[in-house]
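An overview of the molecular structure
The primary structure of each chain is shown beneath.
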Amino acid sequence: MEKQHEINSMGVIYIILLLGNIIICTISQVLFTMGKPLPSMLVTILCEALILAPVIIYLRSKGENIFERLGFHKIKFTTVLLTLLLTVVISPISIFANFLSQLFVPNTIVQSSAELVEGSAIITLIITSIIAPLCEEMTFRGFFFNGFKGTSSVIKAAIVSALLFGIMHLNLNQFCYAFVLGFTFALANHASKSTWTSVIMHVAYNFVNMSLLIIATLSLQEQNVDIAQAQESVRTQSGAMLSTIIIYGVLSIICAFLAWLLLKAIAKNQGNLEAFKASFAKKNSDAVNAEVRVHSLLNVPMMLSICIGVVAMIVYQVAVL
């Protein structure tokens, strides 16, 4: 009963942080149409604050040790190196998901690149590559994944937490690769027994990609070329897009195998290999599934929040298109 209550509470918390982000994004879009746009980095900070605040308030109200509950345990320096290597290996998989979504919708981040470079590039990098990853990892991997993992199989916990993470982005393009990244981040944390692992991966991933985007945007601006229009013209070339998707699809299969090997290497390096492998064993899964029948992750609050998120994502996507 206590476990089910905990899962229900997590569903309510997700509704709160999701609605908070929907409200902020709606206000931002309304002001933009009125010709009074909010700075994009201010919107990002407000959204990240609303993602983390409900979790912190909830944990403090229960008197829990926040860092312990969110899984911030020490990891070895060699684990950090393996984690960075894992980030490189999964990049083609996230690129594949990104390109696949662009068969239907534009690249959201590239379309908003001009807003990202309006202010200081350093501040943009700090917000998108440090503040955002930390807030999101504390919430989605530290709070949701770790919480789900206590009453579900690791795979189900990783899938549901990745689903919540993807929906939070409120657009199909980012949902696709955020889901892939969120799933991998969760498994990496499970391997290392520490949320620091996914924080490192998320920071590294965002820093590299945002740095490249800022450099490309500024370089093209000097040539009077709009990167959003240039990218959109490439996206509409179906032949080139399909070829790219096929290439990255093949790479993704190879990289998925390498990622699994790295996950086991991380687990071994942290002295967690046997427990890591055992959590995926059929006998363990069957035992957990029996528990899940009683403590379902997809309860009423969670299903309601997912429906709200999907509807909001569709509405925002239609508005953009």
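Presented here is a report on the structure given in the accompanying data block.

Conventions used here
- Residues numbered from 1 in each chain as written.
- Predicted model: local features only at pLDDT ≥ 70, side-chain atom pairs only at ≥ 80, totals over all residues.
- Heavy atoms only, no water.
- Axes fitted to C-alpha atoms, helices over the stretch in contact; angles between N-to-C directions.
- Helix = DSSP H or I, 4+ residues; strand = E, 2+ residues; numbered from the N terminus.
- Parallel < 35°, antiparallel > 145°, perpendicular 65-115°, else oblique.
- Left-handed = near helix turned anticlockwise from the far one by under 90°.
- Contact = heavy atoms within 4.5 Å.
- Nonpolar A, V, L, I, M, F, W, Y, C, P; charged D, E, K, R; others polar.
- 1 Å grid on protein atoms, 1.4 Å probe; cavity = no way out; pocket = protein on both sides within 12 Å on 5 of 7 lines; lining within 4 Å.
- Points joined across faces, edges and corners; volume = space filled by probe spheres on them.
- Core = buried A, V, L, I, M, F, W, Y, C linked by side-chain atoms within 4.5 Å.
- Buried < 20%, exposed > 50% of the residue type's maximum accessible area, 1.4 Å probe, protein only.

**Structural notes on the packing of helix 7 (residues 121-149) against helix 10 (residues 196-222)**
It is the contact of helix 7 with helix 10, at a shortest axis distance of 9 Å, that shows an interaxial angle of 150 degrees. The angle between helix 7 and helix 10 falls in the class roughly antiparallel. When the axes of helix 7 and helix 10 are compared, the crossing they make is right-handed. Together, Ala 121, Thr 124, Leu 125, Thr 128, Ser 129, Pro 133, Leu 134, Glu 136, Glu 137 and Arg 141 of helix 7 and Ser 198, Val 199, His 202, Val 203, Asn 206, Phe 207, Met 210, Ser 211 and Ile 214 of helix 10 make up the contact between the two elements. The class makeup of the residues in the contact of helix 7 with helix 10 is nine nonpolar, seven polar and three charged.

**Quick look at the layout of surface pockets**
The volume enclosed by the second largest pocket comes to roughly 270 Å³. Taken together, Ile 90, Ile 93, Phe 179, Val 180, Phe 183, Thr 184, Leu 187, Ala 256, Ala 259, Trp 260 and Leu 263 make up the full set of residues lining the second largest pocket. Counting residues per element, the ones that place at least two in the lining of the second largest pocket are helix 4 (77-101), helix 9 (172-192) and helix 12 (238-269). By residue number, the principal contributor to the lining of the second largest pocket is helix 9, which donates five residues.

**Comments concerning the nonpolar core**
The biggest cluster of nonpolar side chains holds 62 residues, and the ones touching the most others in it are Tyr 14, Leu 86, Phe 140, Phe 143, Phe 144, Phe 148 and Leu 164. It is helix 9 that contributes the most residues to this core, nine residues altogether. Contact partners of Leu 164, with chain neighbours within four places excluded, come to Tyr 14, Phe 140, Phe 144, Phe 148, Met 302 and Ile 306. Among the nonpolar cores identified, the runner-up in size contains 10 residues, and Met 41, Leu 116, Leu 213 and Ile 227 belong to it.

**A few points about unusual backbone geometry**
Across the chain, the bulk of peptide bonds are trans and the bulk of non-glycine residues have phi less than zero. One non-glycine residue, Leu 170, lies in positive phi territory at about 60 degrees. Inspection of the secondary structure assignment puts Leu 170 in the loop between helix 8 (154-168) and helix 9. Residue class for Leu 170 comes out buried when judged on its relative accessible area of 4%. Of note, the phi angle at Asn 224 is positive, near 60 degrees, even though the residue is not glycine. We classify Asn 224 as exposed; its relative accessible area is 73%.

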